[in-house]
Number of protein chains: 2
Amino acid sequence: MNISVLGAGAWGTALAKLLIEGGHTVTLWGHNPANLDEIKARHENTRLLPGIPLPGSLLFEPDLERAAGAELLVASLPSKALDEVAARLVDFNGVIVSTTKGIEFESGHTMSAVIAHRMPHARIAALSGPTIALEVARGIPAAIVAASEHEPTARRVQEVFNSSAFRVYSSTDLLGVELGGALKNVFAIAAGVCDGLGFGDNTKAALITRAIAEMRRLGVKAGAHPETFAGLSGLGDLTVTCFSRHSRNRTFGEKLGRDGRPEEILTAMVSVVEGFPTTRAARQLAHKLGVITPIIDEVHAMLYEGKNPQEAVRDLMTRELKAED
Amino acid sequence: MNISVLGAGAWGTALAKLLIEGGHTVTLWGHNPANLDEIKARHENTRLLPGIPLPGSLLFEPDLERAAGAELLVASLPSKALDEVAARLVDFNGVIVSTTKGIEFESGHTMSAVIAHRMPHARIAALSGPTIALEVARGIPAAIVAASEHEPTARRVQEVFNSSAFRVYSSTDLLGVELGGALKNVFAIAAGVCDGLGFGDNTKAALITRAIAEMRRLGVKAGAHPETFAGLSGLGDLTVTCFSRHSRNRTFGEKLGRDGRPEEILTAMVSVVEGFPTTRAARQLAHKLGVITPIIDEVHAMLYEGKNPQEAVRDLMTRELKAED
């Protein structure tokens, strides 16, 4: 199959490598031609995926419209770039697989809805789950979900990406899979704050458990299936993000918990921390849907209202006693 | 309140400390009087909870029947000792809280049923969740579930244990809470095997996600509520056990994955690895109930049938493609 990966970040590069190894013809596009040239010359994405040699058969295309001549596109872009790129691919009528995790603030839309709005002829899928790019690039076993409202598309994407070390499940709950992936970045910030404050595994396990309940409440109210949040894109992705040293969202939270100075940390990190804009969008979505989200609210208070991290965690821990829900 | 903690292990000692700090009168009983004397003399459980000074008001009682004169008992014993201890407390008619995690092989019973069989007059509860003893003893925030089929008992236990850093939720799904705590030890062995084989966070997140689905399938068929397994005693405890360096079950699995010699490892560790007997009991329970449990089956094959860990993980990862369930 002829596939183009849009976005030469760590994940886009790792997926391009995986797809070539699966026997496909793969072209990599990125918004920065100099960066593409460098990856091509070195056979390595030295900055974002160091130490991983890329197959010699990987193609590079600095022209977006030409890259979009493929049968299948993989959009592996930051959320703020996705809309702009999709707007340039109006006529594409193949399958586009989004790996971008986010919620649009104004509309409350997930990334597939942002794509659908711009690309009316495309069949849209999302790929989401607990997958650290460097581990996938090294061939370490992982599992992920391919979701599309159109079941044959979900199965098609499942077949395209599946390999012996990369097990792909399918789902038709596109919204749930996307919300799981997006919301987990908010909770990962909270997990990082716990780390930064010197709390332990117990605290984090309690947080993860409450976070899954909160994610499910919000997701179900938005129209997703409850069981999706117990799957790879909910629980699985949340778990790895909250415990992994590789997560930028968790690391950001850890700095916040330790140094308690959001403004300075933000300036340095905000462009790569998807959980930052997602926190604002998730809180607005929760308000609109009338869902109680104590963790999202406390993360919002820390990031946007100057609340002290210690106070935020204390407020979370001392809520009134109640039965588990 | 007058409380006796039965079992002077790490968790029993940590709970005794917590309960004293909550204003209760607490007596600690253990099967080894010399060990009790040593803890009493040093004001510290040097072997199992090093570096944690115990309150001077903690009482010690080497006589089990006298210790059982309290209003509330906390049974914090290895699963193989619980039946024997309970058999000596037939007349006790207060509340007994089990923190023991296991499944009886012959009957498929959880620990509360083992207690109920021996102590017909007691009101029985279980306390289970993601709580590493050393962290709780240090006052690091944690959350846990108090479960009893008798709701007022669940609430009573909730109130007795709750403190600002130890948040207790209540549940009436005693069976689900106990199965979550017991089964997680089996999956923790599998997670450790992944670590021992050099796999990454992705692999473990995938395993945890599938383990929760497997735990829920088995638990629901046994009569528990599905949502319990998304709570602290299911997901929460599983997560912390699979990622924590403090888990004996995970550590045991790690050695198995690295060295692949169950017999020698077993001899050295088996007495403290609750997941070892639980694997056998869980597999038998699954067979009896007709539930498909691929992870439990592979752990069983490694522990009891001499299967190579690498082969077991490969067999788990290469099962046929399917939709998430």
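As the structure is a computational prediction, the values presented were derived from the model and not from experiment.

**Q** I'd like to hear about the pairing of strand S5 (residues 95–98) of chain B, residue by residue, with values.
**A** All names here are of chain B. Side chains Val-95 and Val-97 project from S5 onto one buried face, and the interleaved Ile-96 and Ser-98 project onto a second face that is buried too. As paired strands, strand S4 (residues 72–75) and S5 are joined by four bridges and run parallel to one another. Along S5, the bridge assignment pairs Leu-72 with Val-95. In this structure, S5 lies alongside strand S6 (residues 123–128), joined through four bridges in parallel fashion. Paired with Val-95 across the bridge in S6 is Arg-123.

**Q** I'd like a description of the relation of the copies chain B and chain A, backed by residues and values.
**A** Once chain B has been moved 0.0 Å along the axis and rotated by 180 degrees, it coincides with chain A to within an RMSD of 0.0 Å. Here the two chains are linked by the operation of a two-fold rotation axis. Here 100% of the contact residues of chain B are again contact residues in chain A; the copies associate through an equivalent surface.

**Q** Let's hear about the pairing of strand S5 (residues 95–98) of chain A: which residues, and what values?
**A** The parallel pair strand S4 (residues 72–75) of chain A and S5(A) is bridged by helix H4 (residues 79–87) of chain A, and the resulting crossover is right-handed. What joins S5(A) to strand S6 (residues 123–128) of chain A is helix H5 (residues 111–118) of chain A, and the crossover it makes is right-handed.

**Q** Quick rundown of the interface of chain B and chain A? Include the residues and the values.
**A** In this assembly, 49 residues from chain B lie in contact with 50 residues from chain A. Carbon and sulfur atoms supply 60% of the area buried between chain B and chain A, which totals about 4200 Å² over both sides. Summed over the shared surface of chain B and chain A, the result is zero salt bridges. Applying the counting criterion to the chain B and chain A interface returns 14 residue pairs in polar contact (both at pLDDT 80 or more). Looking at the side of chain B that touches chain A, the elements with two or more residues in it are helix H6 (133–137), strand S7 (142–147), strand S8 (166–171), helix H9 (201–222), helix H10 (232–243) and helix H15 (309–317) of chain B. If one sorts the elements of the side of chain B that touches chain A by residue count, H9(B) sits on top with 10 residues.

**Q** Could you give an account of the pattern of salt bridges, naming the residues involved and the relevant values?
**A** Residue and element names in this part refer to chain A. Summed over all chains, the structure comprises 34 salt bridges over all chains. The closest approach of N and O atoms between Arg-155 and Glu-151, which form a salt bridge, is 3.1 Å. Separated by four residues within a single helix, Arg-155 and Glu-151 lie in helix H7 (residues 151–161), roughly one turn from each other. With a closest N to O distance of 2.9 Å, Lys-307 and Glu-298 form a salt bridge. When sorted by exposure, Lys-307 lands in the same class as Glu-298, which is buried. One connected set of salt bridges, linked through shared partners, spans Asp-195, Lys-204, Arg-250, Glu-254, Arg-258 and Asp-259.

**Q** How would you summarise the sheet that holds strand S1 (residues 2–6) of chain A if you had to cite specific residues and measurements?
**A** Residues and elements named next belong to chain A. The mixed open sheet is built from eight strands, whose spatial order is S3-S2-S1-S4-S5-S6-S7-S8. Single-partner strands in this sheet number two, and they are strand S3 (59–60) and strand S8 (166–171). Contacts between helix H8 (residues 174–196) and the sheet are confined to S6, strand S7 (142–147) and S8, with S6 contributing the most and set at about 40 degrees to the helix.

Cut-offs used in this document
Numbering of residues starts from 1 in each chain and follows the order in which that chain's sequence is written. By the order in which they are written, chains take letters starting at A while ligands take numbers starting at 1. Selection of residues for local features in this predicted model requires a pLDDT of at least 70, selection of side-chain atom pairs for listing and counting requires 80 or more, and totals for whole chains, interfaces and linings are taken over all residues. The basis for every side-chain value is the complete set of heavy atoms in the structure, and neither hydrogens nor water enter the calculation. Each residue is assigned to one of three classes by its accessible area relative to the maximum for its type, calculated with a 1.4 Å probe on protein chains only: buried under 20%, partly exposed between the two thresholds, exposed over 50%. To qualify as a helix, a DSSP run of H or I must reach at least 4 residues; to qualify as a strand, a run of E must reach at least 2; elements of each kind are numbered from the N terminus. Following DSSP output, two strands are said to pair if at least two bridges run between them. A residue counts toward the fit only if its pLDDT is at least 70 in both copies, and the copies are then superposed by least squares on the C-alpha atoms of those residues. Note on contacts: a residue pair is in contact if any heavy atoms of the two residues lie within 4.5 Å. By convention, orient the strands away from the viewer: a clockwise path from the first strand over the helix to the second makes the crossover right-handed. Summed over both partners, the accessible area (1.4 Å probe) lost when two parts come together is defined as the buried area. Definition used for salt bridges: Asp or Glu carboxyl oxygen within 4 Å of a side-chain nitrogen of Lys or Arg. We call two N or O atoms a polar contact when they sit within 3.5 Å, provided that within protein one can donate a hydrogen and the other can accept it, with sequence-adjacent residues counted only if both atoms are side-chain atoms. Here the axes come from fitting lines to C-alpha atoms, over the contacting stretch only for helices, and the angles between their N-to-C directions go from 0 to 180 degrees.

Everything listed here is a matter of geometry and, on its own, says nothing about what the molecule does.
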